[in-house]
Number of protein chains: 2
Amino acid sequence: MAEAEAPRKRARGGGGAARRAARGAVSFETAKYIERNIPNFEVLNEEALQIIETNAETVLEEIGVNFVNNPKALERWRDAGADVTGERVRIPRGLARKLCATAPSQFTQHARNPDRNVEIGGRNLVLAPVYGPPFVHDVNGGRRYATMEDFRKFVKLGYMSKWLHHSGGTVCEPTDVAVNKRHFDMLHAHMTLSDKPFMGSVTDPIRAQHSVEMCEILFGKEFVQDNTVMTSLININSPLTFDDVMMGALEIYAANNQACIISPFIVGGAMAPVSVAGTLTQVLAEVMAGIAYSQLIRPGAPVIFGAFVTSIDMNSGAPTFGTPEAAQITYGAGQLARRLGLPYRSAGSFNGSKLPDAQAAYETANTLNVGLLSGVNFMLHACGWLEGGLVSSFEKFVMDADQLGALHKLAEGVAMDTQAQAMDALREVGPGGHFLGCAHTQAHFKSAFWKTDVLDYKPYETWSEEGARDTVTLAAARVEKLLADYQQPGMDPAVAEALAAYVAEKKASEPDAFS
Amino acid sequence: MAEAEAPRKRARGGGGAARRAARGAVSFETAKYIERNIPNFEVLNEEALQIIETNAETVLEEIGVNFVNNPKALERWRDAGADVTGERVRIPRGLARKLCATAPSQFTQHARNPDRNVEIGGRNLVLAPVYGPPFVHDVNGGRRYATMEDFRKFVKLGYMSKWLHHSGGTVCEPTDVAVNKRHFDMLHAHMTLSDKPFMGSVTDPIRAQHSVEMCEILFGKEFVQDNTVMTSLININSPLTFDDVMMGALEIYAANNQACIISPFIVGGAMAPVSVAGTLTQVLAEVMAGIAYSQLIRPGAPVIFGAFVTSIDMNSGAPTFGTPEAAQITYGAGQLARRLGLPYRSAGSFNGSKLPDAQAAYETANTLNVGLLSGVNFMLHACGWLEGGLVSSFEKFVMDADQLGALHKLAEGVAMDTQAQAMDALREVGPGGHFLGCAHTQAHFKSAFWKTDVLDYKPYETWSEEGARDTVTLAAARVEKLLADYQQPGMDPAVAEALAAYVAEKKASEPDAFS
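The structure presented is a predicted model; accordingly, all values stated were derived computationally and were not measured. (Residues numbered from 1 in each chain as written. Chains lettered and ligands numbered in written order. Predicted model: local features only at pLDDT ≥ 70, side-chain atom pairs only at ≥ 80, totals over all residues. Heavy atoms only, no water.)

Enquirer: Explain the packing of helix α8 (residues 205–219) of chain B against helix α10 (residues 244–255) of chain B here, please?
Expert: To describe two helices that pack against each other, one gives the angle between their axes and the distance between the axes. Residues and elements named next belong to chain B. Close contact between α8 and α10 brings their axes to 8 Å; oriented N to C, the two are set at 25°. Taken together, the axes of α8 and α10 are roughly parallel relative to one another. The crossing of α8 and α10 is right-handed. Here Pro205, Ala208, Gln209, Ser211 and Val212 of α8 come into contact with α10, specifically with Val245, Gly248, Ala249, Ile252 and Tyr253. (Axes fitted to C-alpha atoms, helices over the stretch in contact; angles between N-to-C directions. Helix = DSSP H or I, 4+ residues; strand = E, 2+ residues; numbered from the N terminus. Parallel < 35°, antiparallel > 145°, perpendicular 65-115°, else oblique. Left-handed = near helix turned anticlockwise from the far one by under 90°. Contact = heavy atoms within 4.5 Å.)

Enquirer: Explain the nonpolar core to me, please; I cannot follow it from the model alone.
Expert: Across soluble globular proteins, you tend to see nonpolar side chains buried next to one another. Within the largest apolar cluster, 336 residues are counted, with the highest numbers of intra-cluster contacts made by Phe67, Trp77 and Phe305 of chain A together with Phe67, Trp77 and Phe305 of chain B. The element best represented in this core is helix α11 (residues 276–297) of chain B, accounting for 13 residues. (Core = buried A, V, L, I, M, F, W, Y, C linked by side-chain atoms within 4.5 Å. Buried < 20%, exposed > 50% of the residue type's maximum accessible area, 1.4 Å probe, protein only.)

Enquirer: Help me understand unusual backbone geometry in this model?
Expert: Of all residues except glycine, most have a negative phi; of all peptide bonds, most are trans. Cis geometry marks the peptide bond from serine 238 of chain A to proline 239 of chain A, where omega comes out at 5°. Note on placement: proline 239 of chain A falls in the loop between β10 (231–236) and β11 (241–242). Backbone geometry places histidine 381 of chain A, a non-glycine residue, at a positive phi of 65°. Secondary-structure assignment places histidine 381 of chain A in the loop between β17 (378–379) and β18 (385–386). Positioned with a positive phi, asparagine 257 of chain B is a non-glycine residue whose angle comes to about 70°. Inspection of the secondary structure puts asparagine 257 of chain B in the loop between α10 and β12 (259–267).

Enquirer: What should I look at first to understand the sheet that holds β18 of chain A in this one?
Expert: Sheet strands line up and pair through hydrogen bonds in the backbone, either parallel or antiparallel. Residues and elements named next belong to chain A. Strand order in this open sheet of four strands is β9-β8-β19-β18, and the pairing throughout is mixed. Strands at the two margins of the open sheet, each flanked by one partner only, are β9 (142–145) and β18. Note that strand β8 (residues 135–138) and strand β19 (residues 391–393) share three bridges and pair parallel. In the strand pairing of β19, valine 136 is matched with serine 392. (Pairing = 2+ DSSP bridges.)

Enquirer: Mind showing me how you'd approach the sheet that holds strand β4 (residues 88–90) of chain A here?
Expert: Residues and elements named next belong to chain A. Here we have four strands laid out as an open sheet, ordered β3-β4-β2-β11, and mixed in their pairing. Of all the strands in the sheet, just β3 (83–85) and β11 have a single pairing partner and so form its edges. Pairing of β3 with β4, which is carried by three bridges, proceeds in the antiparallel orientation. Bridging from a neighbouring strand, aspartate 83 pairs with arginine 90 of β4.

Enquirer: Help me understand the relation of the copies chain B and chain A, please; the structure alone is not making it clear to me.
Expert: One copy of the chain maps onto the second through a rotation about an axis and a displacement along it. In the superposition of chain B on chain A (RMSD 0.0 Å, axial shift 0.0 Å), the rotation amounts to 180°. Taken together, these values place the two copies in the relation of a two-fold axis. Considering only C-alpha atoms, the part of chain B nearest the rotation axis is alanine 358 of chain B, at 2.1 Å. Most of the interface of chain B is mirrored in chain A, where 100% of its interface residues are also at the interface. (Least-squares fit on C-alpha atoms with pLDDT ≥ 70 in both.)

Enquirer: Explain the pairing of strand β9 (residues 142–145) of chain B to me, please; I cannot follow it from the model alone.
Expert: For a regular strand, side chains alternate in direction, first toward one face of the sheet and then toward the other. Residues and elements named next belong to chain B. Examined bridge by bridge, strand β8 (residues 135–138) and β9 share four bridges and lie antiparallel to one another. Across the sheet, residue valine 136 finds its bridge partner in β9, namely arginine 144. Counted between consecutive antiparallel strands, the loop separating β8 from β9 contains three residues.

Enquirer: Can you help me understand the confidence of the model for chain A in this one?
Expert: Low pLDDT marks stretches whose predicted atomic positions should not be read closely. All names here are of chain A. Considering every residue of chain A, the mean pLDDT works out to 94; 95% of them sit at 70 or more. Every residue in residues 19–26 scores below 50 in pLDDT, and together they form 19 contacts with partners more than four places removed in sequence or on other chains. Taken together, the chains of this predicted complex give a pTM of 0.95 and an interface ipTM of 0.94. (pLDDT = per-residue confidence, 0-100.)

Written out as structure tokens, the structure is:
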């Protein structure tokens, strides 16, 4: 089991390729994952938490969950003491929680560059980009189907983004590559164009297996068995349904000691009750069942308590984002995850806008702030989301990634040492003076304030003379600059060759499939 | 003293004009001020709070504050036991805090429509619009100097905005009216075009006196002496300086039992130390000195602990908004205010953008969320801010006002009654079903989710056919609609006549002054 302590040591033991890769890398600064020094915000009191936990056990015991088209899973559940009828699994009160107890509260996900390893759990927050959209959007080309070329650009932007700790997974869906082969190209891009940690394929169990095999080439076979090198996204088919494709991928990853986010995917009012308390009950029941199942595959397999929850516009049925109900659920689910002792995944750059405009930014900022304060440990979709997740936006990617810097600073908390107390400055300046020139300011101004790389603070006249650019226009310039500045991190040529050969061979071994 | 208990009773006693006004009013829905049912977020621990409180007392005792050009104030301080040398007032440890103790922890501000009275303090949050900008901006006309016509439009928009509880004060600075006369027109607009509570003039003590006199016409003379009908903004000239103009206005208001926000105005690094802890120390010292002074004027005078604090771009010297440092200060100042037992003013729709674009929305959303969670009781600038407070934006006014609805919903907390637990819905739907048609959803969907009046949730194709409108374009349409739907609230004709006569007479009695 990969645990927090001494990951470097094990990396030295087994990660030869990773070490060699790191030596050749051109270095771009990546911030360390966030280690919170501020409290979590807790919206539920003890009584509310106990009601939800009791109700979730009732759901598992009386209603149960379906494991679809998966006889092996039903057998595992029966052996564990569940009541199995058809595909319905009813889990006796307390059993799911007991099984969850073997999952680690924190784990290391290794990157090929060990400086980019992340610790998932505890007080930490790891930020990963947008996942899954079939479309991309940029200010010049508008909205169009995503291609592998777009995918590579997003991986490069992620690599160049200081506040992103993780390269993510399906940063967009490369629709120009066959469905049964695109995972090879996607993983190859993450492995070669970035040296940050990444996610594996979940669209078919065999693709999860391919992901493990590619990691064995990148990290070494033994290293992968002893360490976690992928964190992948397993969605629950809410309400209360676990399909064979996602469970098949989970089974591969858990058996190989690779991490999974086990995550309900809920549009409130459609896939869960319209109430916050009811939705939290369902989320808890679903996640406990899923994580319990992962521990039946391999006790100690690393997992994350996921909650992807939005509200709905009851007139149109459209999902809505950045709403107060989603905030309450995100805060509450964080409390439930911590009481289970599990890392927590939620929030992201969620919004329903078609453009990277004010709507996109309000909804995203609402959600990012909730993510920080709700104790999220792994934030997928932390930048780049547009249009309810249908679109990866180039400009929004860098706009959001810039805001993630503000989360880092906020999470540091308030320094209270003598320098921070600044009594000398107050004495030096006195009533009516100003602080710009005082010794304390001169000593500390460089690090005192978080600074944007995108937004505009110039005087109106200067801004106007420079073309009166809005945020999207400024962001487009930053996208262009980051891609122009991009330099590929170095990699051991033997590893690079082996990866390329594996991908070429696998892609040649079967015909293209487009569904 | 106006206190929370039984405001209606006193209104019945003295507010004849207000009662008559209410009867004639065309009714537009205004939400009740927010009564929080969620915790505050606290970024400082007990040790940090004690350090800041100790340091603030040291600042007051050793450094002191200046009361400029105000011999009467120096005399009051001397009588109260302070050490006065020149204009410098050094306040012995504990004295300021002791004087603050007579200020009420909560008070009622009366509106001429008693249904719109607000309770300032406790767990409440009262929302008021943008204050002070010399410019306005709209999508058609761009940026230009504000006029009285603009001012009236903003008052109408505020009256029509469901989530605004307060009409505010200088919603923009009407630059086409003489400096020494515009306060008459501004107050007259708030009093006649809206029936929500409002703010008085602070730009000269005589204008504060005029504000009181106009309120005496609107509410009745006796009513004003017994009740608070204005909450006005008194800025401290940070660092540690109290000028005679602002103090003169404070003296008028406090003597008349009218409320003042006593508020440092700080661009961090310029008017305060570059550190959060140092800034909080200065804020606390300044507010304690200001509120202590208000209580020397009239013990029990209603006041609000204010903190207007931004960070700075150290390269350009431009103030910056929606930043993590401002968030930390806002959270921390809320804790300090609560420990003093005083209502708290901070946050707002702050941003540094020139346009109501993504930058404006990120920065605003960051700040509005902080405002809610930091326990703010009175949020001035809650909608309409642009360009660091230089500009009141029509579109941003309605965009922000819409987001304020989300704060209301979030503040309600999570319902945990049997209906909210939704176990019947979970049983009815079961694994693989959907909740849209179930009985629980049908019973609750109308009130389950907060709903925007501005933002777009439509499918891409519909949105595209309708002109692919961005948030600003949608907001411009809403501005137009609200102004078209506006109907003036009724007013007793005798009061209306008396107010108009007072304004006409006063304006005719002296020549125009333009500075």
